[in-house]
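Residue-level structural notes
Listed below are the residues making up each chain.
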Amino acid sequence: MFTDVVGSTALWDSFPDAMGRALARHDEIVREAVDAFGGHVFSTAGDGFGVVFGRAADAVSAALATQRALAVEEWPDGAVLRVRVGIHTGDAEERDGNYFGPPVNRAARIMGAANGGQILVSDLTAGLVAAMSGVELVDLGSVELKGVIEPVRVHGVGGDGHAWIDAPLSTGRVSRTNLPRLPTESVGDLADLQRRVADLARASVVTLTGSGGVGKTRAAIEIGWLVVDEFADGVWFVELVPVADPALAATTIASTLGAGLQPGATTVESIVEWCVGRRMLLILDNCEHVLDAVTEVAEAIVAGCATVTILATSREPIGVAGETVVRIASLEHRYATELFVMRARSADAGFEPTDADAEAIAGICRRLDGIPLAIELAASRIRSLGPAELMARLDDRFRLLRGGGRGGLERHQTLRATVAWSYQMLSEDAQVLFDRLSVFAGGFDLDAAEAIGTGGHLDELDIVDLLGDLVDKSMVNAVRTERGTRYRLLETLRQYGEERLDDRGGTAAVRDAHLHHFVALARHLHQQWWSPDQADARDRFDDDWENLGAAHTWAITTGEIDHAHTLVGATGDVADGRGRHEHHEWCSRTLELADTTVRHDPRTLFWQGWWAFVDGDADRAIALGERCASIDTPGAATLGRVLSLYANMAAGRSDIAKEIASDLRSELPTVDDPVVRSYAALAIQSGFDPVTIASDADAALAAARSIGAPKTVAAALRNAALRWHFTDRPDLDRFFADLDEAIRLHESVGTSPHSELAVLAGGRTLAGDPGALDTLKRALQLAYDRRHWAVLNLALETAPTLLTRHDPVVAATIYGYLERSPPPWGPAGVSLRAIAAEHVEAIPDNETHRARGAATDRHDIVDLTLTTITES
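Residues numbered from 1 in each chain as written. Predicted model: local features only at pLDDT ≥ 70, side-chain atom pairs only at ≥ 80, totals over all residues. Heavy atoms only, no water.

1. Overview of the overall build of the protein
- A count of helices and strands for the protein gives 40 helices and 16 strands.
- Considered along the principal axes of its C-alpha atoms, the protein spans approximately 85 × 80 × 45 Å.
- Burial statistics for the protein: of 872 residues in total, 57% are counted as buried.
- Taking all contacts inside the protein whose residues are at least 6 apart in sequence as the whole, residues at least 24 apart take part in 72%.
- A total of about 34,900 Å² of accessible surface is found on the protein, and carbon and sulfur atoms cover 50% of it.
- Charge centroids of the protein, computed over 81 positive and 126 negative side chains, lie 2 Å from each other. (Helix = DSSP H or I, 4+ residues; strand = E, 2+ residues; numbered from the N terminus. Buried < 20%, exposed > 50% of the residue type's maximum accessible area, 1.4 Å probe, protein only. Contact = heavy atoms within 4.5 Å. Areas by Shrake-Rupley, 256 points an atom, 1.4 Å probe, with all protein chains shown as cover. Lys, Arg positive; Asp, Glu negative; His and termini not counted. Charge placed at Lys NZ, Arg CZ, Asp CG, Glu CD.)

Now the structure itself:
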């Protein structure tokens, strides 16, 4: 049985003495109930207890007695304590008064799903107590427990004096996290892990250190799931393994968070700006190969963001002041043997170890120092070698590899010995392919493996056979997806293969093949993105985004400027749609190389300017648009004018934008490239010329529907909706219908509808629709998460009008901020600004509040607006 206090942080902060007395009394009540039913407290983590009982009935009785006593207690000074309880039944190992094993971990996870005042039990425990008098069981069905991949059936418990509290469970369905789910049940002491992270929320930086393959990543994920409810703004997992270039570490962190590069700021400064005011846990996984870059980010976050906790995994401390270092040791012996048997049974379902096998398994685990990766590799051979045979061969290989002796951690050498032994069991051809596969960042598919694996005497059929052999020997992981099988090397194995490829002198040739393959793939996916199959293109871009980044890095490293330009141009649309701001850095690095080679490409200039437009830097976007238009290649002038039109509209220069739209309208029939033609049609439509708005909207929508790409159709519908609103005879039904369709199209391809929601909020404001405030909140949240300032500025135009009734001071403050710039986006912004002015003029002392708003930072304005909306 596990218990935990679910209290009020506000009360804790306001009445620390009262809460201290309340917790002391809570401890007395729990221990009294435990003692009354013969239980033994073996763990205290934070304010919770881990308790073992001889019978399931005694555990349930103690839980009910605890809840009844807590309910009638008169707590001091208004403090409120509620306790959640989780109970599971199983055989656990006792050692020195402590208890270990999977049943202990399962009980802790069940408790984590309960709310304050609830008692949850597993299905097994429910069956044992079903006949108890005075006990009510409520079958809650199968639920997802945090950190457990398979659903678990649980039951709620009520009884005399403590009725079951019917409230939604806190299950593993958490929206504010990107934590992966672990595919197998954990082996180890979850209760000990809970004790070690009890105060994680109060720390600034915690680093899990240990040798390669010891399980640092798994421990970090487990911790993330244990504490996910303590961080209101989420737990975010950043995988740094695929980052080959330390200069891209900060970019990867920013991309995972969705932190866009701010004008005039470095990537690190932009990350800090994004983190300010957020209560979140940032997990930085596998830092050792980019340590200096991670240290720079961590130091900046610690200095500027007191509400952010960093949990890092690395083979050594990251070296930040105030860092807490937690050593992840190898598995204890019993857990190591348990892991071996579990993984051996996964490889061979009929494996049942004999007494002799158990002795050999114990020897294997000792020789492998309890390192999980080494144990899993050894256990995977059980299909062809018995434990004693494994033991003999492992012993020989360790002696051989230790004989040379190199510096470094002993456990690292042991792990290398295990990997080397597995590698030596491969055929020569399989070794060659394995080494070549090490160039992939993240996963890869069969086509990619064939592209870099063929050569010499190996053909495509050889690659199919050899890749299957590598999967069978657990040197490559295979995962079946809707788009086919994806493969991935464990990082330790990938590093080993990378070293071997260097030894062969084959790195450059294989990376060249990798580059050529992903340039071709990017071209293909770009075409697919501009088609009805956009959702599939999105998924395939997502699958190989890390490889596309690695290919771009190699293109820059080797001076392949044409390939760099192609990768930038082919990935720009999906990067914009998916909020992948690291694409901005790809543009910057490509332009730097282009400057040295004097080989510029309009696509790179366009996308560099587009990111400036997104960041709210209209002048820089216009300058880049002019550079783009000056290049003497087909479509360059059109792209440059498109960029300049959008930037001028965002900056409130609608007259200039109309002139550009007129030029684009004239040249549109001569544009051959269908993508550039679509860009131009949408841009013309965005000029909102009152004379041509109807025909422009019809033309853009017709062009978008002919292409069939959902995101493009959504953009055309968004602009067309404005035609129905900003005319002498508004058709609000068409306005709302067009925007509803546009939002659904975005959802179908996983892109953000922040622009459509901003327009919808404005329309609802002008129409007096009561749903405008909720729409504005969602628009601001999505646009701010993407740091799309061009859209944010339009959305904010609706805020003064909507908030005047709720908080006139805030309304006037926001209006003062907006007054610093002309109304953006033509008639939409002008109409919203005019109505806002009427409301603000009626607010007493509005000049003072407007002056305060004019001096307020844009991030603070967004935060003020969202806070006020939430409280309204």
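2. Brief notes about the side chain of H859
- As for its position among the elements, H859 is in helix α40 (residues 858–871).
- Judged by relative accessible area, H859 falls into the buried class, the value being 7%.
- Polar side-chain contacts of H859 include one of 2.6 Å to the side chain of E273.
- With residues up to four places along the chain from it excluded, the contact list for H859 reads Q262, E273, Y784, R787 and W789. (Polar contact = N/O pair within 3.5 Å; in protein donor to acceptor, adjacent residues only side chain to side chain.)

3. Remarks on the sheet that holds strand β13 (residues 308–314)
- Strand order in the open sheet made by the 5 strands is β11-β12-β13-β10-β14, with parallel pairing throughout. The open sheet is flanked by β11 (235–239) and β14 (324–327), the only strands paired with a single partner. Strand after strand, the sheet turns through a mean of 20 degrees between neighbouring axes, direction not considered.
- Note: β11 against strand β12 (residues 280–285), 5 bridges, orientation parallel. Note on β12: the bridge partner recorded for V238 is L284.
- Each of β10 (205–209), β12 and β13 touches helix α10 (residues 291–304); the most contacted strand, β13, lies at about 165 degrees to it. (Pairing = 2+ DSSP bridges. Axes fitted to C-alpha atoms, helices over the stretch in contact; angles between N-to-C directions.)

4. Quick notes on the pattern of salt bridges
- The final tally for this structure, using the stated rule, is 38 salt bridges.
- With a shortest N-O distance of 2.6 Å, R641 and E667 are connected by a salt bridge. One end of the pair, R641, is in helix α27 (residues 636–650); the other, E667, is in helix α28 (residues 654–667), and 26 residues separate them in sequence.
- According to the relative accessible area criterion, E667 is buried, its value standing at 16%.
- Residue E741 pairs with R705 through a salt bridge whose shortest N-O separation is 3.4 Å. One end of the pair, E741, is in helix α32 (residues 732–749); the other, R705, is in helix α30 (residues 693–707), and 36 residues separate them in sequence.
- Relative accessible area serves as the criterion here: at 24%, E741 is assigned to the partly exposed category. (Salt bridge = Lys/Arg side-chain N within 4 Å of Asp/Glu carboxyl O.)

5. Focus: unusual backbone geometry
- Unlike most non-glycine residues, R787 shows phi in positive territory, near 55 degrees.
- Among the secondary structure elements, R787 is positioned in the loop between α34 (772–786) and α35 (789–796).
- With relative accessibility at 1%, the residue R787 sits in the buried group.
- Positive phi values are uncommon outside glycine, yet W825 reaches one of about 60 degrees.
- Its location among the elements puts W825 in the loop between α37 (808–818) and α38 (826–841).

6. Brief notes about the packing of aromatic side chains
- Scanning all chains against the criterion turns up 18 aromatic pairs.
- Between Y423 and Y496, the aromatic rings sit 5.3 Å apart at their centres with planes inclined by 65 degrees, giving edge-to-face as the arrangement. Remark: Y496 occurs in helix α19 (residues 491–504) and Y423 occurs in helix α15 (residues 410–424); sequence separation between them is 73 residues. Take Y423 and Y496: they sit in the same class, and that class is buried.
- Here W607 and W610 contribute two aromatic rings whose centre-to-centre distance is 6.3 Å and whose plane-to-plane angle is 75 degrees, an arrangement assigned as edge-to-face. Of this pair, W607 and W610 both sit in helix α25 (residues 602–614), 3 residues apart, which is roughly one turn of the helix. Here the two residues W607 and W610 agree in accessibility, since each one is buried.
- Chaining the aromatic ring pairs together yields one cluster made of W530, F606, W607, W610, F613, Y646, Y679 and W825. (Phe/Tyr/Trp six-rings, centres within 6.5 Å; stacked < 30°, edge-to-face > 60°.)

7. Examining the nonpolar core
- Counting 155 residues, the largest nonpolar core has F434, L437, F444, L470, F606, F613 and F735 as the members making the most contacts within it.
- No other element matches α27, which puts 9 residues into this core.
- Each residue touching F606, except ones within four places of it in the same chain, is listed here: C628, L639, V642, L643 and Y679.
- Residues A254, V297, A298 and I301 belong to the second largest nonpolar core, which totals 34 residues. (Core = buried A, V, L, I, M, F, W, Y, C linked by side-chain atoms within 4.5 Å.)

8. Points about helix α22 (residues 545–557)
- With 13 residues, α22 extends 18 Å from end C-alpha to end C-alpha; this agrees with the ideal 18 Å at 1.5 Å per step.
- The buried fraction of α22 amounts to 11 of the 13 residues, a majority that puts the element mostly inside the structure.
- What α22 keeps buried is the set W545, N547, L548, G549, A550, A551, H552, T553, W554, A555 and I556.
- On its buried face, α22 sits against α20 (507–529), α21 (534–543), α23 (561–578) and α24 (582–597).
- One or two residues past the end of α22 sits G559, with phi positive at roughly 75 degrees. (Expected span 1.5 Å × (residues − 1).)

9. Looking at the state of the cysteines
- Counted under the stated rule, the structure contains 0 disulfides.
- Cysteine C287 is unpaired, with the sulfur of C275 as its nearest cysteine sulfur at 15 Å.
- Note on C287: relative accessible area 0%, which makes it buried.
- Note on C628: no disulfide assigned, nearest cysteine sulfur contributed by C587 at a separation of 12 Å. (Disulfide = S-S within 2.5 Å.)

10. Remarks on the environment of A564
- Of note, A564 is situated in helix α23.
- A564 sits in the buried class, given a relative accessible area of 0%.
- Sequence spacing of A564 and R334 is 230 residues, and the spatial spacing of their C-alpha atoms is 52 Å.
- Excluding its chain neighbours within four sequence positions, the residues that come into contact with A564 are H552, A555, I556 and T590.

11. A word on the confidence of the model for the protein
- On average, residues of the protein score 87 in pLDDT, and 91% of them reach the 70 mark or higher.
- At the level of individual helices and strands, the protein shows its lowest average pLDDT in helix α1 (residues 9–14), which scores 41, and its highest in α20, which scores 97.
- Confidence drops under a pLDDT of 50 for residues 8–15, and excluding neighbours within four residues, the segment shows 10 contacts in the predicted structure.
- Long-range and interchain partners of residues 396–414, a stretch whose pLDDT sits below 50, account for 28 contacts in this model, where long-range means more than four residues apart. (pLDDT = per-residue confidence, 0-100.)

12. Focus: the packing of helix α26 (residues 618–629) against α27
- As a packed pair, α26 and α27 sit with axes 7 Å apart at the nearest point and diverge in direction by 165 degrees. Taken as axis vectors, α26 and α27 run roughly antiparallel relative to one another. Of the two possible hands of crossing, α26 and α27 adopt the one that is left-handed. Taken together, the residues of α27 that come into contact with α26 (itself represented by A618, A621, I622, L624, G625, E626, C628 and A629) are A636, A637, L639, G640, L643, S644, A647 and N648.
- Among the residues making up the contact of α26 with α27, the classes are represented as 11 nonpolar, 4 polar and 1 charged. (Parallel < 35°, antiparallel > 145°, perpendicular 65-115°, else oblique. Left-handed = near helix turned anticlockwise from the far one by under 90°. Nonpolar A, V, L, I, M, F, W, Y, C, P; charged D, E, K, R; others polar.)

13. What to know about the environment of Y99
- Of note, Y99 is situated in strand β6 (residues 98–100).
- Look at Y99 and you get buried, because its relative accessible area is 19%.
- Separated by 48 residues in the primary sequence, Y99 and V51 place their C-alpha atoms 9.1 Å from one another.
- Apart from residues lying up to four places away in sequence, Y99 is in contact with H40, F42, V52, A92, E93, E94 and V104.

14. Points about the side chain of D615
- Of note, D615 is situated in the loop between α25 and α26.
- Despite its burial, D615 remains without a salt bridge, the nearest opposite charge being carried by R858 at 6.1 Å.
- Contact partners of D615, with chain neighbours within four places excluded, come to L261, P263, H584, R787, W789 and R858.

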